[in-house]
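Chain residues, written in single-letter form:
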Amino acid sequence: MSSHTRPPQPGIRLRVDLGGDLRPHRSAKIEAHLRVDVAADGAPTDLPAVQLAVIIAVDVAEHNRAAVRHALPSALRALPDRISFAVLGSGPEPVRCYPRGDDEWAVADREERRRAAFVAGSLPLHREGPRPAGYAAWVAGARALLAGRPVSVRHLVLITDGSSAAGDTRLEEELDACAGQFTCDVFAVGADWAPDPLLTLAERLHGTAEFVDDGLGHAITAAIHRLRRVHTPHLPIEVTVRPSVRQVSLSEKAPRPHRLGGLLQPGRPHRWSFPTYQWEQGGRDYLLTLVADSDADPLETELQFAMVSIGDVHAPVTARWHLPGQSPPHDPAGADSVRGLNATARMRSALRQGLVALQEHQRDTAEDRLGQAARLAARFGTDWVLDEIRTVADIEDAAAGRVRLRAVDAGTLGPLILRAGSRPGGPLADAVGARPGPRCGDCGTPAGSEARYCIACGERLL
């Protein structure tokens, strides 16, 4: 553990790119790309383990014990000294497996690791009988346990075979209660789990969802080591808007898609705070969406619609309403950046929709969506998307979006759907400069200022 003291404020750079020139409307949408870069500025590489608390929860049925028999003891033996940890097993309800006795938490040292690895050999797993409690119960149990451990980083590692998912109706409600309390990584084992609730867990709790066929122990260890690289556990993005802005939303697009819940600041009706978590050195991309009423605003005048603040760094969101019926002279600088952000989100969505349609034997829909994903992946040079498509289809012409499906066992598609929804994406390429006139939101082909449909793919220009 390093003896250095971490700086209270990391080095932050913030850039805001507006999505397009605006037409006056009672509910006009304003989109902006926020690029946030964080530098440790001389801080030590690893967060001291004493500042971490991790729950390893094993939601696995007895008949799948082999999936965790060796992996869990291996991961426990690899815990760093002084990390706080607990291990939960399962009956119909989560039950603490380690530490034993009255203590809720163990602090890792050589002896504690040895004892925990031994006890994990008799980990309670649910058998035939009452249905397990569902993912909401695991999240609620983690929230209650972590509430008594006020450390910098609090994290749940949930290992699941999907056997507790049936009839789980309280997950969204429980995730609302857990917002800001801890983060979560999900590792799926076996073959009977459904991707959607696992993706919801990862997205709402700012973690990852991953299928692990082999190497589960290494995956758990890697997740904990990743926590130690966290430089800033909690960093809110604040958005202060002008009174004409009625709605505000913010979503993380890269490196991983995450939904962010906005909180209105007490006594400040126009200021929103969006908590974010687990900042390492590097960059993140966010899409800020504002819905504004132009009725009381002047036309053709530069207006500030919002101020974005991260720590002591601030950046305005400025734009102007253009006269109805007239084309703006050009797109604002940064419009390509927002279009790219939206197109990348559409690429991920098309990939996932195509795989889900294939799982449900809707082959025409699957071919159409996977073709869209291939076209966008070719445009952005996103090789991992093309590789995923190739596992289920032959790509005849990626740029044109032509794919031909192959025969695939629907039961093997779950891991692909999980990766499509949670896999990290690369940083967005910087815009090379604004181009005159609109561009197609689907394929990116430039169009004339008066064009209404794309000449390449035929889609309507928005």
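None of these values were measured; they are calculated from a predicted model.

Broken down by element type, the protein chain carries 10 helices and 21 strands. Counting all 462 residues of the protein chain, 51% fall into the buried class. The contacts of the protein chain with a sequence gap of at least 6 include a subset with a gap of at least 24, amounting to 73%. Summed over its atoms, the accessible surface of the protein chain is roughly 21,100 Å², and 48% of this surface lies on carbon and sulfur atoms.

The tendency in soluble globular proteins is for nonpolar side chains to be buried as a group. Residues Leu-76, Phe-85, Ile-159, Leu-216 and Ile-220 are the most contacted members of the largest nonpolar core, which totals 38 residues. For this core, the secondary-structure elements that each account for two or more residues are strand E3 (52-59), helix H1 (71-77), strand E4 (84-90), strand E5 (94-98), helix H2 (110-119), strand E7 (153-160) and helix H6 (216-228). For this core, the leading source of residues is H6, giving six residues. Contact partners of Ile-159, with chain neighbours within four places excluded, come to Ile-56, Ala-57, Val-58, Asp-59, Val-60, Val-68, Phe-187, Val-189, Leu-216 and Ile-220.

What follows concerns the confidence of the model for the protein chain. The share of residues in the protein chain with pLDDT of 70 or more is 84%, and the mean pLDDT across the chain is 85. Within the protein chain, strand E6 (residues 106-107) carries the highest mean pLDDT (97), whereas strand E14 (residues 263-265) carries the lowest (80). pLDDT under 50 marks residues 1-8. Its contacts with residues more than four places away, or in other chains, come to 17 contacts.

Moving on: the sheet that holds strand E17 (residues 282-292). Strand order in the open sheet formed by five strands is E1-E2-E17-E12-E13, and the pairing between neighbours is antiparallel. Edge positions in the sheet fall to strand E1 (11-18) and strand E13 (258-259), since each of these pairs with one other strand and no more. Bridge count for strand E2 (residues 28-39) against E17 is 11 bridges, and the pairing is antiparallel. Each residue of the ladder has a partner; that of Val-38, found in E17, is Gly-282.

The next subject is the packing of helix H5 (residues 195-204) against helix H10 (residues 414-422). The packing of two helices is summarised by the inter-axis angle and the distance between the axes. With their axes 10 Å apart at the nearest point, H5 and H10 run at an angle of 25 degrees to one another. Viewed along their axes, H5 and H10 adopt a mutual orientation that is roughly parallel. Between H5 and H10 lies a crossing whose hand is right-handed. Contacts between H5 and H10 involve Pro-195, Leu-198, Leu-199 and Ala-202 on the former and, on the latter, Gly-414, Ile-417, Leu-418, Gly-421 and Ser-422. Split into classes, the residues belonging to the contact of H5 with H10 amount to six nonpolar, three polar and no charged.

This brings us to the environment of Glu-173. Note that Glu-173 resides in helix H4 (residues 171-178). Sequence separation between Glu-173 and Ala-136 is 37 residues; the distance between their C-alpha atoms is 8.4 Å.

What follows is about unusual backbone geometry. Cis geometry is found at the peptide bond from Tyr-98 to Pro-99, where omega equals 5 degrees. Cis geometry marks the peptide bond from Ala-254 to Pro-255; its omega dihedral reads 10 degrees. Along the polypeptide, Pro-255 turns up in the loop between strand E12 (245-254) and E13. Of note, His-206 is a non-glycine position whose phi angle comes to about 55 degrees, a positive value. Turning to its location among the elements, His-206 is positioned in the loop between H5 and strand E9 (209-211). Owing to a relative accessible area of 11%, His-206 belongs among the buried residues under this scheme. Although it is not a glycine, Gln-278 sits at a positive phi angle of roughly 55 degrees.

Another aspect to go through is the sheet that holds strand E19 (residues 313-319). Strand pairing in a sheet relies on backbone hydrogen bonds. The paired strands run either parallel or antiparallel. Strand order in the open sheet formed by five strands is E14-E15-E11-E18-E19, and the pairing between neighbours is antiparallel. Strands at the two margins of the open sheet, each flanked by one partner only, are E14 and E19. The mean inter-strand angle of the sheet, taken between neighbouring strand axes irrespective of direction, is 30 degrees. Strand direction decides the pairing type here: strand E18 (residues 303-310) and E19, joined by seven bridges, are antiparallel. Paired with Ala-306 across the strands is Val-317, a residue of E19.

Each value, and the rule that gives it
Residues numbered from 1 in each chain as written. Predicted model: local features only at pLDDT ≥ 70, side-chain atom pairs only at ≥ 80, totals over all residues. Heavy atoms only, no water. Helix = DSSP H or I, 4+ residues; strand = E, 2+ residues; numbered from the N terminus. Buried < 20%, exposed > 50% of the residue type's maximum accessible area, 1.4 Å probe, protein only. Contact = heavy atoms within 4.5 Å. Areas by Shrake-Rupley, 256 points an atom, 1.4 Å probe, with all protein chains shown as cover. Core = buried A, V, L, I, M, F, W, Y, C linked by side-chain atoms within 4.5 Å. pLDDT = per-residue confidence, 0-100. Pairing = 2+ DSSP bridges. Axes fitted to C-alpha atoms, helices over the stretch in contact; angles between N-to-C directions. Parallel < 35°, antiparallel > 145°, perpendicular 65-115°, else oblique. Left-handed = near helix turned anticlockwise from the far one by under 90°. Nonpolar A, V, L, I, M, F, W, Y, C, P; charged D, E, K, R; others polar.

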